[in-house]
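# Structural features, examined
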Amino acid sequence: MPDNLTKRHIVLDIYQKTSYPQKEVKEVVQLTLDAISCALSSGQKVELRNFGVFEIQVRKARIGRNPNKPETDVVIPTRAVVKFKPGKELKAHLN
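Below or above, wherever it landed, is the structure these notes cover. (Residues numbered from 1 in each chain as written. Predicted model: local features only at pLDDT ≥ 70, side-chain atom pairs only at ≥ 80, totals over all residues. Heavy atoms only, no water.)

A few words now on helix α2 (residues 22-41). The periodicity of an α-helix, 3.6 residues per turn, causes residues three or four places apart in sequence to face the same way. Between its first and last C-alpha atoms α2 spans 28 Å; for 20 residues at 1.5 Å apiece the expected length is 28 Å, and the two agree. Where α2 is buried, its residues touch α1 (7-17), β1 (46-48), β2 (52-59) and β5 (79-86). Phi for glycine 43, located one or two positions after α2, is positive at around 90 degrees. (Helix = DSSP H or I, 4+ residues; strand = E, 2+ residues; numbered from the N terminus. Expected span 1.5 Å × (residues − 1). Contact = heavy atoms within 4.5 Å.)

This is the structure we're talking about:
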């Protein structure tokens, strides 16, 4: 198995385990990812039972330091980040 799991690997895995055409599997995977992206961008949580929850977390603005010029302060603006909290079954599977 490769180092990173890509969308292509997901499509091939589903294709090999089912009788669905590869083109249709690719479309379904893309539609799923689009739905997750759309929900997150509109501020909704994405809860996938037995897997985990994706949610948007807003990080406050803060002062940072440039390691090359530590005497100058840099303002890091407020930004939104995606947070993932694994579900019970995923945590158990990882342990």
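A complete count under the given rule lists 4 salt bridges for this structure. A salt bridge links lysine 17 to aspartate 13; the nearest nitrogen and oxygen atoms lie 3.2 Å apart. A residue pair is termed a helical-turn pair when its members lie 3 or 4 positions apart in one helix, as lysine 17 and aspartate 13 do in helix α1 at 4 residues. The residue lysine 45 makes a salt bridge to glutamate 55 at a minimum N-O spacing of 3.8 Å. Of this pair, lysine 45 sits in the loop between α2 and β1 while glutamate 55 sits in strand β2, and the two are 10 residues apart along the sequence. On the accessibility criterion, lysine 45 (58% relative accessible area) is exposed. (Salt bridge = Lys/Arg side-chain N within 4 Å of Asp/Glu carboxyl O. Buried < 20%, exposed > 50% of the residue type's maximum accessible area, 1.4 Å probe, protein only.)

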